Amino acid sequence: MEHQEALAPVATAALREAAERIAARLRSALGAARDTPTVARLRAAWPPYEAMLEEIGRGGAAAPVLETGRLEDLCRLLGAARLTGTVRDDLAYDGPRLRGVLAEEYGFLAALAPARRLTELLVALGAALRERKRVDGVLAFDDLIAEARALLADHPAVGARCARELRAILVDEFQDTDAVQAEVIERLASPGVPLFVVGDEKQSIYGFRGADVTVFRRAWERLGGALPLGRNFRSQPAILDFVNGLAAGTMRVPATSPDPGRWTVFDPEQRLVADRSAEATRPGVSLVTFAREHARRSLSAAEARELEARVLAGVITALHERREHPVRFGDIAVLFRALDQVKAYEYALRRSAIPHYVVKGRGFFQCQEVRDVASLLATIADARDGVALAAVLRSPFFAIDDATLARLAWPAGAARPALTRRFGSDESFADLGDAGPRLVAIRDLLRRLRALRSRATIAELITDALAATDFEAVCLTQFQGPQKVANVRKLIELARGAERRRFFTLRDFVALVHDLGEREPREPEAQLVGEQDDVVRLMTIHQAKGLEFPVVVLVDLGRRLERDNDTAVIDEELGVLVAPVAGAGLHPQSQAQLEAYRVRAWDRTRAEHARLLYVACTRARDELVLLEGKGNNRYLQSGEGDRYVWCHQVWHLLGREPLAAFVAGDAGETVLPVPDGGEVRVTAAARYLERPTTEPVGAPAPVEAPATDVERGFVARVLAFAPPPPSEVVTSPTALADFRRCPRQFWYRHVIALPERGTGGLRATLLGTAAHGVLEAVDLGTTGDADIDGELAARPETLVLRSGELARLASDLRAAAAGIGAEIGAGLEILGREVPFVLPLPRHQPRVFLQGRIDVLARRGGRLLVRDYKYAQPSHAAVVAHADQLAAYRLAIAPDAAGELVFLRGGPAVRALPPLDVEGQVEALVDAGVALGAAMASGEPSAFPKRPPSAVVCARLGCGYVRRCWKPADH
Ligand code: SF4
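The following paragraphs examine the structure supplied in this document.

What counts and how
Residues numbered from 1 in each chain as written. Predicted model: local features only at pLDDT ≥ 70, side-chain atom pairs only at ≥ 80, totals over all residues. Heavy atoms only, no water. Core = buried A, V, L, I, M, F, W, Y, C linked by side-chain atoms within 4.5 Å. Buried < 20%, exposed > 50% of the residue type's maximum accessible area, 1.4 Å probe, protein only. Helix = DSSP H or I, 4+ residues; strand = E, 2+ residues; numbered from the N terminus. Domains from an automatic or database assignment. Contact = heavy atoms within 4.5 Å. Pairing = 2+ DSSP bridges. Axes fitted to C-alpha atoms, helices over the stretch in contact; angles between N-to-C directions. Parallel < 35°, antiparallel > 145°, perpendicular 65-115°, else oblique. Left-handed = near helix turned anticlockwise from the far one by under 90°.

Of all hydrophobic cores here, the largest spans 56 residues; its most connected members are Phe-242, Leu-287, Leu-335, Leu-554, Leu-624 and Leu-626. With 7 residues, the top contributor of residues to this core is helix H24 (residues 592–617). Per-domain counts for this core show at least three residues from each of domain 2 (140–227) and domain 3 (285–336 + 545–688). When residues no more than four places from it in sequence are discounted, the contact partners of Leu-554 are Leu-335, Ile-541, Leu-613, Ala-616, Cys-617, Val-625, Leu-626, Leu-627 and Trp-646. One finds Ala-374, Ala-435, Ile-442 and Leu-491 within the second-largest nonpolar core, a separate group that totals 51 residues.

Take a look at the structure:
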């Protein structure tokens, strides 16, 4: 908010200056103008406009809409009097919008009030969001960095503790670091921890998430002593020649740049030098040009994309099938700037039977089968949701035809729709003839699922519905059936993941899927092939960062950069900037600071765009293929147009004239040299099309064909997939003890991580973690209260604990340390703390390994002693519950070791455990481990049955899932 206040005088002064200038110019223009009728009209109207200019020059922006209207009137009068040229830079129309210094400075002043209101709203939203996250105990990704920075800045003891554990810091890809991350690193690195960073400014491409080349340069200057790495061990020389030539042309600061520091300048001294020798028999770089197609006829953006997709399929087929050096599908990566149009390319590859994998694509929530399952869940969640009910009745779940649905929803003679009412009653649907019994069965199934919803997980509900309706079998009979089935199974996994969050209900999931269906987030369809299979990978350039591929195909080179025309932005220095609006909010007006922001943003975008092309090209090891997509043929002919479009930059490098000559001819291929070394093979796109390109490019006709072996293989793979039985089970003693107590509890707690009611929750975990951390850090033999308090203050958990909890914890820990100190004085010998162990149980199939850490390993009177701390009150039930865990620890150390539980809350209370029944314990652990392995291999919830016989027994065990497992009547 301070920004807006600080900007008000600046805005007023700038507006005054602009208004005075335009008034002076008009006065002199009117004095010199011939006395035509329009000039006479303007002269007559001029005094009120001059007064208006004086008024707004004084900073009078009380009625922005009115003022804008008067500026528009003035502009029209100037146009009629042919005097626009006099003030063109100050006030003129640019399309429908008033632009020029006066309009923009006026807009700047008028926008301060709405900007202030928006700032207040954002501040309130931020505070509410922070509070909500605090209450829910969650952190967003950004919070992880911001909170780490705040922790290190506000609590030097934490920083010092972290620094003690570090000998040096090495940061790779430092050019992708933002200012906050850099501060975290700097705070950890000082004092006394050397910092070494690796990075390449030319590869800084994460501006959208805050990465900043100036951060990299500052680190460089601060650290000094750079070691240049000019030798490239990845790409063959032909590719590096091309990349060097391209970078020399694209990485230079434009004369008009408002912020030259954001640009990376190519240093000829740092040309990439190949470590590999030239591979004379293989082409290095190819450009597939579409200029002939675009010269022949004007293609829409969608047609051009479909054409490029077909050519891409042809290029990949040619690479794969060529006689010399054929390329495996798995060695090809297709790189995109963004995956928003990837469906067109996927479709073309599918039609050409090219196996492919989209890395984190989109479109999952728009798939019909996903929407069908979402409709089913919506009608289970809310029986009054008529739209969801109609959708699910029509879907492959129940396949009710439209005529029946219409009669069902609106019976003859009824005054209003009756779908949900009829499904809510017990009627027999007798008026619907043969469909009646089916509808009764559907209604019964929906009722059964609704009755189950408070006890079953969402995944269980879906699975149950799929089994009852044969939905997946129906999907398999349809086009892309295996894909549909895989998508449904992916949705089940997403439901499992969603339920791991606290307070996440069926209604929340329905709303989430619906919302994601509207927004089309980055969520790909389920993959029928894995990324590691022999498949072509489709991914963004950002996803390819840090990777390399034998062959890279870079598509859509002709794509134009999108300007950022947002009407509200947050500037790093000026805060919130908004465009004022006129005409009931329908017409955004020009605004000086926003225009300046857009110019800066556009400049940064172009600077990063140059680096993005560099990153894309340097992913290729042996071959780089460039697909032009839709360039601007006018640029090829005359150089007119946007010189920042990638394909224009490639044309520029190769020379527009020779390229235009190739396009004008009918040769299928030519080779053009790259200045300063290297060459590029240029081929015509038509070479890769199965059909003559003179045909209009229309929508592809649907194809009906019997299933191929490949498709059958997919079906078998999806349906019959059974993971191999594990040869090993590795788990912790605590988890195995849970499984022994109740497999269903293990499933909830350790597999799908459902939150539990009434078990102390997050605060208990924090207290326990802090207590263990302090007792691990202090010297138990000599520690004093100050040491305990110091270690406690350095624990991050203490930042969120309440003062009363902290005081009790400190007092308990002091008492515990004093007690242990006394025991040490009496002969207790501490051998180790937080001792890691792995306990291999006797050979069996699968082999069971238990792993964990022992709080304290000690010796007393010549006998080994295993201890475990619990930040809890002592109780018989707690001793019984933890005895199995201690048994595993004792078996790991020595079967005759003593075992003790130390309860810390309210002062230390030691509970010794009885001698170990070694044989019985080993047998029980092996049996439980083998059963756990079998259950995990199945992966089905049914493999984790409930064990205690009743809700009463479960409640006595202190389980937090009683409400989930048992009906209320059983409690
Ligand atoms: S409530 Fe009972 S059956 Fe359900 S998970 Fe807990 S212990 Fe197992």
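Spatial ordering of the open sheet is given by E9-E10-E8-E11-E16-E7-E18-E17, a layout of 8 strands whose pairing is mixed. Single-partner strands in this sheet number two, and they are strand E9 (356–358) and strand E17 (669–673). Averaged over neighbouring strand pairs, the angle between their axes works out to 25 degrees when direction is ignored. Summarising the sheet, E9 and strand E10 (residues 536–540) pair through 3 bridges and their orientation is parallel. Across the sheet, residue His-356 finds its bridge partner in E10, namely Val-536. Where helix H10 (residues 237–250) meets the sheet, its contacts fall on strand E7 (285–289), strand E16 (620–627) and strand E18 (679–684), and the angle it forms with E16 comes to roughly 50 degrees. Its contacts with the sheet place H24 against strand E8 (332–336), strand E11 (549–554) and E16, and it is angled at close to 140 degrees to E11.

Two strands pair when backbone bridges link them, and strand E23 (residues 898–903) and strand E24 (residues 909–912) are joined in this way by 4 bridges, in the antiparallel orientation. Residue pairing across strands places Val-902 opposite Val-910, the latter belonging to E24. Hairpin connection from E23 to E24: 5 residues lie between these consecutive antiparallel strands, with Gly-906 at a positive phi of about 80 degrees.

For the rest of this paragraph, the subject is the packing of helix H18 (residues 435–452) against helix H19 (residues 458–469). Helices that pack against each other are described as a pair by the angle of their axes relative to one another and the distance between those axes. Contact pair H18 / H19: the axes reach a minimum separation of 11 Å and the direction vectors enclose 160 degrees. As judged from the angle between their axes, H18 and H19 are roughly antiparallel. As H18 runs across H19, the sense of the crossing is right-handed. Where H18 abuts H19, its residues Leu-445, Arg-448, Leu-449 and Leu-452 lie against Leu-461, Asp-464, Ala-465, Ala-468 and Thr-469.

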